[in-house]
Amino acid sequence: MDKALLGQRVAQAREDAGLTQVDLGRAVELDRSAISRLELGERKLNVPELVQIAEALGRPLSFFVADPVPAVVSRRTDAAPTHETTQRLDVELEQFASDIQGLLRRGFLPVRERVDYRTPRNHTEAEHTATAVRAQIALESGPIEDLGQVCEELGMYTFSAHLGAQGADGGCVEVETETRTAGAVVLDGDIAPGRRRMTLAHELGHWIFGDAYDSEATNDAESMVSSFAIHFLAPRAGVSKVWNEYRTWKPRDRALAVAAIFRLSWSAAINQLRNLELVNPSQHRSFREHEPNSGDYLRLKLNWREECAAPYLSPSLTAAILNAYVDGQLTTARSLELLRGTLPVSELPTRAEDSIEDLRRSFAGHDG
């Protein structure tokens, strides 16, 4: 266990918890100087002390002892992030990526073949790439019902956390082992549902374009990733079909139908309608100035299921954790850590009981 890295993680977790060195020392029965030396990497920590510190700071042991993942650089936000909320995203993403790395190494997660695409140079390329990615997983032009599952089919796993609605919307990092590679994304589960979906599609773009580490990404590149994201969520053929199906409705009501069916924010829906030239500039300005509320949708019997509300884990990841638990390859405590509050201990599945033959094999050669 690297003392310097351990010290940095203790200091980080302590600051996140809003505790002073004196506070932490009191909680674990160590004096402030011992905590200070620990955080400076000058003091060793035994296992019982580490367990106490993890409990006091509300962090799993894996947070302190797992190998570090590459620095987080992909960001998406519609507002300037504050230091606190961005730091919280970094902490969650580093820990989530570390867990994905461990699950990959143990062979618990399915192997997905990654197909890399070039970052689009214009909006036409962005649309063509979105169409190609949909075709890769046999996804037609209609709305995506489970975006988290679709991202898994493309090799990226999702965690939606309670991060507050004032920071970065999400971040993505590439996770590598000796033989496997996967994407890990953390979303701010406290932002609006449509914005969450757009953020997840945006991070998917970073993943498939292989630029999750590109800290020098230009505004033009980010714009192209966003263009890919909206065409992936709401492709031309699918949006045009819905728009024509509701041709007897008023234009604004037709736009509401598109937003509800494709589960887009109002701004994303009307911008895509403008991109596809289904509404004119005057209509777009009018729609933008009169943002709808819930009643506008309900009046038209339009509603859509909220997706990726915190806490959320994408389905194949959840299934992999639970299957490893049932098979006895993960302890209850570790399974709950990996599930991140998405399932209480009372709802864990029943473990498979060892058969007589399993027990006989386990005692083979021990007859004395």
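Residues numbered from 1 in each chain as written. Predicted model: local features only at pLDDT ≥ 70, side-chain atom pairs only at ≥ 80, totals over all residues. Heavy atoms only, no water.

Visitor: Is there a simple way to think about the packing of aromatic side chains in this case?
Guide: How two aromatic rings sit relative to each other is set out by the distance from centre to centre and by the angle between their planes. Taken as a whole and judged by the stated rule, the model has 5 aromatic pairs. Where tyrosine 246 meets tryptophan 249, the ring centres are 4.5 Å apart and the plane angle is 70 degrees; that geometry is what we call edge-to-face. Of note, arginine 134 hangs over the ring of phenylalanine 232, and the distance from its end group to the ring centre comes to 5.7 Å. The ring of phenylalanine 159 has arginine 340 lying over it, and the distance from NZ or CZ to the ring centre is 5.2 Å. (Phe/Tyr/Trp six-rings, centres within 6.5 Å; stacked < 30°, edge-to-face > 60°. Lys NZ or Arg CZ within 6 Å of the ring centre and 35° of its normal.)

Visitor: Help me understand the environment of leucine 50, please; the structure alone is not making it clear to me.
Guide: Tracing the backbone through its elements, the reader meets leucine 50 in helix α4 (residues 47-57). Classification of leucine 50 by relative accessible area gives buried; the value is 7%. (Helix = DSSP H or I, 4+ residues; strand = E, 2+ residues; numbered from the N terminus. Buried < 20%, exposed > 50% of the residue type's maximum accessible area, 1.4 Å probe, protein only.)

Visitor: Explain unusual backbone geometry here, please?
Guide: Backbone geometry follows two general trends: most residues other than glycine have a negative phi, and most peptide bonds adopt the trans configuration. The linkage connecting alanine 310 with the following residue, proline 311, adopts the cis geometry, with an omega of -5 degrees. Considering the arrangement of structural elements, one finds proline 311 in the loop between α15 (294-299) and β4 (312-313). Positive phi values are uncommon outside glycine, yet lysine 301 reaches one of about 60 degrees. With respect to the helices and strands, the residue lysine 301 is situated in the loop between α15 and β4. Classification of lysine 301 as exposed rests on a relative accessible area of 79%. In this model, arginine 340 sits at a positive phi of 55 degrees, which is unusual for a non-glycine residue.

Visitor: How should I be thinking about α4 in this particular structure?
Guide: Burial in α4 covers these residues: Glu49, Leu50, Ile53, Ala54 and Leu57. Axial view of α4: buried residues confined to an arc of 135 degrees, hence all on one face. Of the residues in α4, the exposed ones pointing more than 90 degrees away from the buried face are Val47, Pro48 and Glu55. Where α4 starts, the residue carrying a side-chain oxygen 2.8 Å from the main-chain nitrogen of glutamate 49 turns out to be asparagine 46. (Arc of directions from axis to C-beta. Polar contact = N/O pair within 3.5 Å; in protein donor to acceptor, adjacent residues only side chain to side chain.)

Visitor: Is there a simple way to explain helix α9 (residues 193-208) in this structure?
Guide: In an α-helix, one turn spans 3.6 residues; hence positions three or four apart end up facing the same way. Compared with the 22 Å implied by 1.5 Å per residue over 16 residues, the 23 Å span of α9 between its first and last C-alpha is a close match. Taking burial as the measure, the 16 residues of α9 include 14 buried ones, the bulk of the element. (Expected span 1.5 Å × (residues − 1).)

Visitor: What's the story with the pairing of strand β3 (residues 181-188) in this structure? I'm lost.
Guide: Counting buried positions over the 8 residues of β3 gives 7, a clear majority of the element. Relative to β3, strand β1 (residues 156-161) is paired through 6 bridges, and the arrangement is parallel. Paired with serine 160 across the strands is leucine 187, a residue of β3. When strand β2 (residues 170-176) meets β3, the two strands line up antiparallel, connected through 7 bridges. Counted as the bridge partner of cysteine 172 is valine 185 from β3. The loop that links β2 with its antiparallel partner β3 comprises 4 residues. (Pairing = 2+ DSSP bridges.)

Visitor: Please explain the packing of helix α12 (residues 251-261) against helix α13 (residues 266-275) as it appears in this structure.
Guide: The relative placement of two packed helices is expressed as an angle between their axes plus a distance between the axes. Where α12 meets α13, the axes come as close as 9 Å, and the angle between the chain directions of the two elements is 115 degrees. Between α12 and α13, the interaxial angle falls into the category roughly perpendicular. As α12 packs across α13, the resulting crossing turns out to be right-handed. Here α12 contributes Arg252, Ala255, Leu256, Val258 and Ala259 to the contact with α13, which in turn contributes Trp266, Ala269, Ile270 and Leu273. Classifying every residue of the contact of α12 with α13 by side-chain character gives 8 nonpolar, no polar and 1 charged. (Axes fitted to C-alpha atoms, helices over the stretch in contact; angles between N-to-C directions. Parallel < 35°, antiparallel > 145°, perpendicular 65-115°, else oblique. Left-handed = near helix turned anticlockwise from the far one by under 90°. Contact = heavy atoms within 4.5 Å. Nonpolar A, V, L, I, M, F, W, Y, C, P; charged D, E, K, R; others polar.)

Worth remembering: the numbers are spatial, not functional.
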